[in-house]
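Here's the letter readout for the chains.
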Amino acid sequence: MRFRIGSSVSLLAAVASLLLVLSAAAAQARDFKFEAQLIWATMSESSPDPQHKPVDEKTRERLAKVNLKWKNYFLVRKVDASVPEKGAKEVVLSDKCKISIRQVDEENFEVSLFGQGKSVLKRMQNISKGEMLVLGGNAPDSTSWFVAVRRTE
Amino acid sequence: MNDEQQLKLQAFLDGELPEAETREISAWVARDAEATALLKELRQTRQAFKSTEANVQLPESREFYWSKIQREIERDLPAAPPQRPSLFHRFRRVLVPVGAFAVLVVISILTFPRGNGIDSEMAVADSEAFTYQDYDSGTTLVWVSYPAER
């Protein structure tokens, strides 16, 4: 009994040390994966651009969750991006639209939106794995544009 | 003959067996010469004791008599001296739960996601933007008044 308790304490200390070392090592070599979608929203049944396809069901559900009223959402472009730790990544979504994602800390990212080369929005957001930040605004003919940034890893 | 059988014979002789078992032993003794011989020997021994030793009558009941002996035995036993735990034992008693707690704290810090940190701090070229958040789906909408051109 005496021997077992003593060895248990040593084991606990060893496990704690190992966890600390592993977390430090893991934290050093990390990229943060994102998926950015440029979406066009309309009440029309189809998009004038035949290359546009409806967004996937999950994205559609998430847009509905934030009370967006459009009938259809069409995917203009989807880009996967990898943001290096403590770094930034620029993602071009169209010839007029691009975003920049910069990691601030483990869960917080600064997302900047540029329209026609000008800064439109800069937002600090807590984005955990699986969460989505949707930027949106009006577009001509009573339609809207959205940029959906989802952290995939 | 084994020990159990010998004890059965003794109990049979003393009349301490239930009726069914008594009949069994009787039948066994009737057909087994060794059992018969042992029973005879036990009877003779008992008879010898009876005739030589005076029967002592206790002035009190058997239970009361034995309980007195029990009390004397317990009274005479010295109480175990209280042991003062050594410094090592005292230290270990504290160290084990503290160590376990420390490990739990480390694990929780490393595995659980941190709460919302900075969140929603905005520096915009648009003062009319508004935010809508759906916590269930983990979706945040930021609506800006920046219009897209054709």
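Participant: Looking at this model, I keep getting lost on the overall build of chain A. Mind explaining?
Facilitator: Helices and strands together make up the secondary structure of chain A, namely 2 helices and 9 strands. Listing the helices and strands of chain A from first to last along the sequence gives α-β-β-α-β-β-β-β-β-β-β. In chain A, which comprises 153 residues, the proportion classed as buried is 32%.

Participant: How should I be thinking about the overall build of chain B in this particular structure?
Facilitator: From N to C terminus, chain B includes 5 helices and 3 strands. Listing the helices and strands of chain B from first to last along the sequence gives α-α-α-α-α-β-β-β. Taken over 150 residues, chain B has a buried fraction of 6%. Long-range pairs, those at least 24 residues apart, make up 31% of the contacts in chain B with a sequence separation of at least 6.

Participant: Which parts of the structure should I look at to understand the nonpolar core?
Facilitator: What tends to happen in soluble globular proteins is that the nonpolar side chains get buried as a cluster. Core analysis: the biggest nonpolar cluster contains 40 residues, and A:Ile39, A:Ile99, A:Val134, A:Leu135, A:Val147 and A:Val149 have the highest contact counts within it. When contributions to this core are tallied by element, the ones reaching two or more residues are strand S1 (31-42), strand S3 (72-84), strand S5 (97-103), strand S6 (108-115), strand S7 (118-126), strand S8 (132-139) and strand S9 (143-151) of chain A together with strand S3 (139-143) of chain B. Here the element with the most residues in this core is S1(A); it accounts for 7 residues. In this structure A:Val134 touches A:Leu63, A:Val66, A:Phe146, A:Ala148, B:Thr139, B:Thr140 and B:Leu141, once residues within four positions along its chain are discounted.

Participant: Looking at this structure, I do not really get the environment of B:Val103. What am I missing?
Facilitator: Positionally, B:Val103 belongs in helix H5 (residues 87-111). Among the residues examined, B:Val103 registers 17 C-beta atoms within 10 Å and is labelled partly exposed. Sequence-distant contacts of B:Val103, defined by excluding residues within four places in its chain, comprise A:Leu12, A:Val15 and A:Ala16.

Participant: Can you walk me through the sheet that holds S3(A) in this structure?
Facilitator: The pairing of strands in a sheet happens through backbone hydrogen bonds and is either parallel or antiparallel. Strand order across the open sheet formed by 7 strands is S2(A)-S3(A)-S1(A)-S9(A)-S8(A)-S3(B)-S2(B), with mixed pairing between neighbours. Only two strands of the sheet have a single partner each, and these edge strands are strand S2 (53-54) of chain A together with strand S2 (130-134) of chain B. Two elements, S1(A) and S9(A), share 8 bridges in a ladder whose sense is antiparallel. If you follow A:Ala41 over to S9(A), its bridge partner there is A:Ser144.

Calculation notes
- Residues numbered from 1 in each chain as written.
- Chains lettered and ligands numbered in written order.
- Predicted model: local features only at pLDDT ≥ 70, side-chain atom pairs only at ≥ 80, totals over all residues.
- Helix = DSSP H or I, 4+ residues; strand = E, 2+ residues; numbered from the N terminus.
- Buried ≥ 20, exposed ≤ 12 C-beta atoms within 10 Å, placed from the backbone.
- Contact = placed C-beta atoms within 7 Å.
- Core = buried A, V, L, I, M, F, W, Y, C linked by C-beta atoms within 7 Å.
- Pairing = 2+ DSSP bridges.

Don't take any of this as a statement about function, it's just geometry.
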